Amino acid sequence: MDLIAYAIPFFLLALLAEIAWDRLRGSGYLRLNDAVASLSAGALSTTSGLFTKAIEIAIYALLLKHVAPYPLDPALFDLSWRGVGLFLVVLLAWDFLYYWNHRLGHTVNVLWAAHVVHHQSEEYNLSTALRQTSTGFVFGWIFYVPLLLVGVPAHVVATAAAVDLIYQFWVHTRHVGSLGWFDRVFVSPSNHRVHHAQNERYLDRNYGGILIIWDRLFGTFQPELADEPCVYGVRKPLESWSPLRANIQTYRDVFALSRRSRRWGDRIGVWFRRPNWRPADLGGSISLDDGALEGFTRFDTKAPPRVSRYVLMQFIVAAVLTGAISLNAAVLPTSALVLLCLGLWSLLATICGLLESPARGLQAEQSRLVIVNPLLAAVAALLFSDIAIFLAAAVLVYGGISWLLLRLAASAARDGRSALVEGHG
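Remember, predicted model here, so these are calculated numbers, not experimental data.

Cut-off values and rules
Residues numbered from 1 in each chain as written. Predicted model: local features only at pLDDT ≥ 70, side-chain atom pairs only at ≥ 80, totals over all residues. Heavy atoms only, no water. Helix = DSSP H or I, 4+ residues; strand = E, 2+ residues; numbered from the N terminus. Rg over C-alpha atoms; globule rule 2.2 N^0.38 Å. Buried < 20%, exposed > 50% of the residue type's maximum accessible area, 1.4 Å probe, protein only. Salt bridge = Lys/Arg side-chain N within 4 Å of Asp/Glu carboxyl O. Expected span 1.5 Å × (residues − 1). 1 Å grid on protein atoms, 1.4 Å probe; cavity = no way out; pocket = protein on both sides within 12 Å on 5 of 7 lines; lining within 4 Å. Points joined across faces, edges and corners; volume = space filled by probe spheres on them. Nonpolar A, V, L, I, M, F, W, Y, C, P; charged D, E, K, R; others polar. Core = buried A, V, L, I, M, F, W, Y, C linked by side-chain atoms within 4.5 Å. Contact = heavy atoms within 4.5 Å. Axes fitted to C-alpha atoms, helices over the stretch in contact; angles between N-to-C directions. Parallel < 35°, antiparallel > 145°, perpendicular 65-115°, else oblique. Left-handed = near helix turned anticlockwise from the far one by under 90°. Polar contact = N/O pair within 3.5 Å; in protein donor to acceptor, adjacent residues only side chain to side chain. Phe/Tyr/Trp six-rings, centres within 6.5 Å; stacked < 30°, edge-to-face > 60°.

1. Overview of the overall build of the chain
On a plain count of helices and strands, the chain comes out with 16 helices and 0 strands. For 425 residues, the compact-globule formula gives about 22 Å, and the C-alpha radius of gyration of the chain, at 23 Å, lands near that figure. Its C-alpha atoms put the chain at 60 × 55 × 55 Å along the principal axes. When the 425 residues of the chain are sorted by exposure, 47% land in the buried category.

2. A few points about the pattern of salt bridges
Note on pairing: side chains with opposite charge can pair once their charged atoms come close. Tallying each qualifying case throughout the model produces 14 salt bridges. A salt bridge links Lys236 to Asp253; the nearest nitrogen and oxygen atoms lie 2.9 Å apart. Highlighted residues: Lys236 in the loop between helix H10 (213-218) and helix H11 (243-260) and Asp253 in helix H11, separated in sequence by 17 residues. A relative accessible area of 53% places Lys236 in the exposed class.

3. Here we look at helix H13 (residues 305-328)
Spanning 24 residues, H13 covers 35 Å between terminal C-alpha atoms, matching the ideal 34 Å at 1.5 Å per step. Here H13 has its buried residues at Val307, Ser308, Tyr310, Val311, Gln314, Phe315, Ala318, Ala319, Thr322, Gly323, Ile325 and Ser326.

4. A closer look at empty space enclosed by the protein
Counted under the stated rule, the structure contains 1 cavity of 30 Å³ or more. Lining of the largest cavity is provided by 13 residues; of these, Gln120, Ser121, Glu122, Ser240 and Trp241 occupy positions nearest its centre. Taken together, the residues of the lining of the largest cavity break down into 5 nonpolar, 3 polar and 5 charged.

5. Looking at the nonpolar core
Of all hydrophobic cores here, the largest spans 37 residues; its most connected members are Val36, Val311 and Phe315. Ranked by residue count, the leading element in this core is helix H14 (residues 334-356), at 9 residues. Those residues within four positions of Val36 in sequence are excluded, and the remaining contacts are Val311, Phe315, Ile351, Cys352 and Leu355.

6. What to know about the packing of helix H2 (residues 32-66) against H14
With their axes 10 Å apart at the nearest point, H2 and H14 run at an angle of 160 degrees to one another. By the angle between their directions, the pair H2 and H14 is classed as roughly antiparallel. In this structure, the crossing between H2 and H14 has a hand that is left-handed. Contacts between H2 and H14 involve Asn33, Val36, Ala37, Ser40, Ala43, Leu44, Thr47, Ser48, Leu50 and Phe51 on the former and, on the latter, Leu337, Val338, Cys341, Leu344, Trp345, Leu348, Ile351, Cys352 and Leu355. For the contact of H2 with H14, the residue count by class is 15 nonpolar, 4 polar and no charged.

7. Things to note about the side chain of Asp95
By secondary structure assignment, the location of Asp95 is in helix H3 (residues 81-107). Within the local environment of Asp95, its side chain forms a polar contact with the backbone nitrogen of Leu211, the two atoms lying 3.0 Å apart.

8. Things to note about the packing of aromatic side chains
In this structure the tally under the stated criterion is 15 aromatic pairs. Judged by centre distance (6.0 Å) and plane angle (80 degrees), the ring pair of Tyr99 and Tyr207 falls under edge-to-face. Linking Tyr99 in helix H3 with Tyr207 in the loop between helix H9 (189-196) and H10, this pair joins segments that are 108 residues apart in sequence. Classification of Tyr207 as buried rests on a relative accessible area of 2%. For the pair Trp170 and Phe182, a centre-to-centre distance of 6.1 Å together with 65 degrees between the ring planes defines the contact as edge-to-face. Linking Trp170 in the loop between helix H7 (154-169) and helix H8 (181-185) with Phe182 in helix H8, this pair joins segments that are 12 residues apart in sequence. Pairwise contacts between aromatic rings join Phe96, Tyr99, Trp100, Tyr207, Trp214 and Phe218 into one cluster.

9. Some words on unusual backbone geometry
With a phi close to 55 degrees, Asp204 is a non-glycine residue in the positive phi region. Mapped onto the elements of the fold, Asp204 is located in the loop between H9 and H10. Despite not being glycine, Glu239 shows a phi value in the positive range, around 55 degrees. For Glu239, the position within the fold is in the loop between H10 and H11. Judged by its relative accessible area of 44%, Glu239 falls in the partly exposed class.

10. What about the packing of H3 against H7?
Orientation of H3 relative to H7, taken along the N-to-C sense of each, is 65 degrees, at an axis distance of 9 Å. For the crossing formed where H3 meets H7, the hand is right-handed. Residues Phe87, Val90, Leu91, Trp94, Asp95 and Tyr98 of H3 touch H7, and the partners they reach there are Val156, Val157, Thr159, Ala160, Ala161, Val163, Asp164 and Gln168. Looking at the contact of H3 with H7, its residues break down into 10 nonpolar, 2 polar and 2 charged.

Next comes the structure, spelled out in structure tokens:
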């Protein structure tokens, strides 16, 4: 059972509640463009993970079969007191290993390139929690191999991972203050806000998933200070709403740095150094003092209200599609799963493009509606002839409504209200 897929509706309901509370208080902690970008990265991560997860499962299965000396009987992890107790031990071990995965994910370039996606938002709210990487599967599995080596069944490891991740959702909010003793034992909104801040004092702190005691034990704990507000984001801002660009930016940057390095040791070593490290021949390491934050402004863009409403409508379609794909992935034929994901990914790309540059984004969205959508529907009809009429009707209705709304949005963009505005937040 995929706990994350079942948790998605509750995540979205909690996000809607936070939006309502934010509007009621007038806090201004959420922006449509930032939230859509974060949630789009999450949707991409969730659906691409349906394919990449098979790699991790295959690796874990091989380890359990050929390496683990004493595999544990899956029946031990039942709903008895013993089974629940054993699972809590596994969860504790997972959280400990997660701490080290997370810590190295901030201090080793090749790991940071994957994890940085989660930190690129310059806001901090529940949508930030769902902003996840699509490339973490490449190396992330390595940290949890010890659980497999002691014989913990793969499905129990997966459940512990899901519980740990689900717990972390609620701590991504600015609407919950200090919680006293709770802050000293568990990861809480206060100490996780510190983790997402780019202030020098807060950098590389508070890595825990469920328990903050790991940070206290290993010297990485930092409380949130009343006299130093958190400045969210990363020192090299993404300055884009694109979920694809979010996932490739740091890989591209490190690759460029590697190629420019003169020594082969540096070309290879840069992937395993800290993110601010540079070879001596390229100027040496970059200083990370708070002077870089003076005059800091958040990346922002302004789109006409009709464009924003259109994007919101399309994102609701994307959210429903993401949930439907996730919940039915196990029973869908691979061909159908691929087609649905391609349709979703093209939708996410174009609506984020509309937010970033409405003039260019309108052209991309028109192409999606006129070319990509019908093409995917035609292929689906060929593959699934028994429901071809239903597919054609659904695409025509969705495409027709979208086209009419897009024309209204295009007229607003032509009125000259679609200029890109940066640095106003």
